[in-house]
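# Structure at a glance
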Amino acid sequence: MCGIVGAVSERDVQGILLEGLRRLEYRGYDSAGMAVIGGDHSVQRAREVGKVASLAAAMKTNPLAGHLGIAHTRWATHGEPSQINAHPHMSGDRLAIVHNGIIENYQELREELRGEGFEFTSQTDTEVVAHLIEKNYRSLGSLYDSVRAAIARLRGAYALAVVHADEPDHLVVCREGSPLVIGVGIGENFIASDQLALLPVTDRFMFLEEGDIADIRKDGIAILDREGQSVEREITRFEHGADSADKGEYRHFMLKEIYEQPRVIKATMEGRVTNTRVLEQALGTDAENLLENVRHVQIIACGTSYHAGMVARYWIEELAGVPCSVEVASEFRYRKHVIQQDTLFLCISQSGETADTLAALRQAKKAGFRAALAICNVPGSSLVRESDLVIMTQAGPEIGVASTKAFTTQLTALLIFTLALARQNGLPEEQEAEIVKAIHLVPGQVSDVLALDGEIAEMSKAFMDKHHSLFLGRGSQFPVALEGALKLKEISYIHAEAYPAGELKHGPLALVDSEMPVVTVAPNNDLVEKLKSNLEEVRARGGELFVFADKMANVKPDEGIHVMQLPSVHPITAPIVYTVPLQLLSYHVAVLKGTDVDQPRNLAKSVTVE
Ligand code: F6R
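Basis of the calculations
- Residues numbered from 1 in each chain as written.
- Predicted model: local features only at pLDDT ≥ 70, side-chain atom pairs only at ≥ 80, totals over all residues.
- Heavy atoms only, no water.
- Helix = DSSP H or I, 4+ residues; strand = E, 2+ residues; numbered from the N terminus.
- Rg over C-alpha atoms; globule rule 2.2 N^0.38 Å.
- Buried < 20%, exposed > 50% of the residue type's maximum accessible area, 1.4 Å probe, protein only.
- Contact = heavy atoms within 4.5 Å.
- Salt bridge = Lys/Arg side-chain N within 4 Å of Asp/Glu carboxyl O.
- Expected span 1.5 Å × (residues − 1).
- Near = heavy atom within 4 Å.
- Polar contact = N/O pair within 3.5 Å; in protein donor to acceptor, adjacent residues only side chain to side chain.
- Areas by Shrake-Rupley, 256 points an atom, 1.4 Å probe, with all protein chains shown as cover.
- Nonpolar A, V, L, I, M, F, W, Y, C, P; charged D, E, K, R; others polar.
- Pairing = 2+ DSSP bridges.
- UniProt positions renumbered as here; feature names shortened; annotations may be inferred.
- Axes fitted to C-alpha atoms, helices over the stretch in contact; angles between N-to-C directions.
- Parallel < 35°, antiparallel > 145°, perpendicular 65-115°, else oblique.

### What about the overall build of the protein chain?
Within the protein chain, the regular secondary structure consists of 18 helices and 25 strands. In terms of overall dimensions, the protein chain is globule-like: its C-alpha atoms have a radius of gyration of 25 Å, near the 25 Å expected for 610 residues. Each principal axis of the C-alpha atoms in the protein chain carries an extent, and together these give about 75 × 55 × 45 Å. In the protein chain, buried positions account for 61% of the 610 residues. When contacts within the protein chain are restricted to residue pairs at least 6 apart in sequence, those whose partners lie at least 24 apart make up 72%.

The following block contains the structure:
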């Protein structure tokens, strides 16, 4: 939700900021802007509606020169996407600010500041913060002190970066509930919402803690924590290659990320499984202790990560024999709970910054769960820092807004976790060995599915002019169907709904006709015969079926039934493998429809607002 970037350097910062914005565009892309303090100590600003490319084009004719600057790419929350609502916002002509997050008490502050003569030019909550800081500046005369005094009055979530033309050698940043990272350079320093933005200029990063406020200069970084104590934050090196934010030979990030899956699934397994067993210690030094006596697992997540949690519930109950509940974070956080004794709280999140998931975690930590385990893809994210135990997925940066490799690596990590828990609960060694063997086969099976890309692209033509579709699955394939439907609606804007196949006759069957393609995931498992009866129900109503099945499932192509044969897979690992053709199907439908695959309308990656 919005991306911010800032730089203070010996060199001109415009190029650094523009490249940073391009790399942050996955967070929001309805408008973009930049403010630079020029050599004449004035603020120069450029703002454009649309993507970062529009800003870059405008800045070609009117470049901004200067060694200190901030920039922003927006995902609108308060006020429509327009030039006046685009960031940076200013108070007078000396102070500029960029903001990611939401100021909840902005209305009352707005009234107050208006009463004191401040004029508002936008509908945003951010402009309130600009004026509040400027008001403080008039009495305090120090940007750092003015920002500190202002944030004491803010309620909500924010990461802010502020510059003032009277103090042209530094920027002031702070975070509370929204991510912010400092990129440490040599004779220059940077800030951004995500380290990816800064990879062209540094690989050393410092993560601010909640409540921190930092003074960033060319040659120094000073941080105060919430209590006003001076603190040092550890510098970490970025581990993935700097090119991971590049599309390479692929037309879209999403396609690149789908194709990366064999490698990143393998990377997620590495060091965590031998040929026959899971290495529990690899889940953390305290893992054995924390997993011992777990009597219940409560999974919390949003969107695609929630679907991963739904698959895990089947695994946890089947293999570990431990009851498991799964709930979307935005529901969980706003209701009362009955917490069973010895419940492990498990959050799943690609970004580790999803506001609802973090809020649920923070509540859970006060509520008496046994421990909090995070499955997450972003090192140093809030979720990682605030959990007792962490299993990092090794997907590498995911740029496409529609999640793909994050999901399959989450499933891999969840299955490894399930086996560790199951061992504590008496899973026989031979069964663990059988499943570990199946996990080792997954990267190869996913590559086999990728080899069907051309056929899936062909199949996608049947969806191009449809407005609705149904996705069916049974058992642990039901969440796979949900995920397939989410992918299709997100990037192709075709209405897609998923049902457990057995529910079909309880209502949705009424919708089925030749205009409603029905996609079904049907690996050979003990539910496949029942699933076939459900398929007959669709066929009998003239529905057109697109079935992904292995040979053993014995689903025959016929009139109205298109069958895509997938490799034979172990029933436990089948959800990972069967997800991939559905990702490819959505991708190709979107490409045919000409939608913006990597940055679908109205969406943003990393939902750091409620
Ligand atoms: C869908 C998608 C979203 C995210 C959701 C949670 O393709 O990407 O549904 O899964 O916003 O995000 P994380 O996993 O970062 O908590």
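### Quick word on the side chain of Thr404
Note on placement: Thr404 falls in the loop between strand E20 (389–392) and helix H13 (405–424). Apart from the residues within four sequence positions on either side, Thr404 is in contact with Met254, Glu257, Ile258, Gln261, Glu398, Lys487 and Gln583.

### Quick look at the pattern of salt bridges
Per the counting criterion, the structure on display carries 34 salt bridges. Glu111 is paired through a salt bridge with Arg114; the nearest N and O atoms lie 3.6 Å apart. Here Glu111 and its partner Arg114 are both found in helix H3 (residues 106–115), 3 residues apart, which amounts to about one turn of the helix. Relative accessible area serves as the criterion here: at 47%, Glu111 is assigned to the partly exposed category. Between Lys466 and Asp465 there is a salt bridge whose closest N-O contact spans 3.7 Å. Relative accessible area serves as the criterion here: at 55%, Asp465 is assigned to the exposed category.

### Details of helix H17 (residues 528–539)
Taking 1.5 Å of rise per residue, 12 residues should cover 16 Å, and H17 covers 16 Å from first to last C-alpha, within 8% of that figure. Along H17, the positions that sit buried rather than exposed are Val528, Leu531, Lys532, Asn534, Leu535, Glu537 and Val538. Against strand E21 (468–473), strand E23 (518–522) and strand E24 (545–550) lie the buried residues of H17.

### Quick notes on the site of the ligand
In the region of the ligand, 15 residues are neighbours, and Ser305, Ser349, Gln350, Ser351 and Thr354 sit closest. Taking Ser349, its side chain carries an N or O atom lying 2.6 Å from an oxygen atom of the ligand. A distance of 2.5 Å separates an oxygen atom of the ligand from a polar side-chain atom of Thr354. Surface burial for the ligand is 88%, taken as the share of its 410 Å² of free accessible area covered by protein chains. Taken together, the residues that form the shell around the ligand break down as 5 nonpolar, 8 polar and 2 charged.

### Quick notes on the sheet that holds strand E7 (residues 156–164)
On the basis of which strands lie adjacent, the open sheet formed by 7 strands has the order E5-E6-E7-E8-E12-E13-E14 and antiparallel pairing. Each end of this open sheet is capped by a strand with a single partner; those strands are strand E5 (89–91) and strand E14 (230–231).

### Re the UniProt feature "domain: Glutamine amidotransferase type-2" (unreviewed entry) in the protein chain
Annotation from UniProt places "domain: Glutamine amidotransferase type-2" (unreviewed entry) at residues 2–219. This span, residues 2–219, is 25% helix and 33% strand, and a straight line between its end C-alpha atoms measures 28 Å.

### Examining the packing of helix H9 (residues 303–320) against helix H16 (residues 477–492)
Where H9 contacts H16, the two axes come as close as 8 Å, and the packing angle between them is 170 degrees. On the basis of the axis angle, H9 is roughly antiparallel to H16. Along the contact surface, H9 presents Gly303, Thr304, His307, Met310, Val311 and Tyr314, while H16 presents Phe478, Pro479, Leu482, Glu483, Leu486 and Lys487. Along the lines of polarity and charge, the residues of the contact of H9 with H16 split into 7 nonpolar, 3 polar and 2 charged.

### Considerations on the side chain of Ser586
Among the structural elements, Ser586 can be located in helix H18 (residues 574–593). Beyond its immediate sequence surroundings of up to four residues, Ser586 is in contact with Gly484, Lys487, Leu488 and Ile491.

### Considerations on the UniProt feature "active site" (unreviewed entry) in the protein chain
Per the UniProt record, "active site" (unreviewed entry) is found at Cys2 and Lys605. With respect to the element layout, Cys2 can be found in the segment before strand E1 (3–8).

### Looking at the pairing of strand E6 (residues 95–103)
Within E6, 8 of the 9 residues are buried, which leaves it mostly tucked inside the rest of the structure. By the bridge criterion, 3 bridges tie E5 to E6 in an arrangement that is antiparallel. By the bridge assignment for E6, Ser91 is matched with Leu95. The loop that links E5 with its antiparallel partner E6 comprises 3 residues; one of these, Gly92, has a positive phi angle of about 65 degrees. Of the strand pairs in this sheet, E6 and E7 are connected by 9 bridges, and their pairing is antiparallel. Note on E7: the bridge partner recorded for Ile102 is Ala157.

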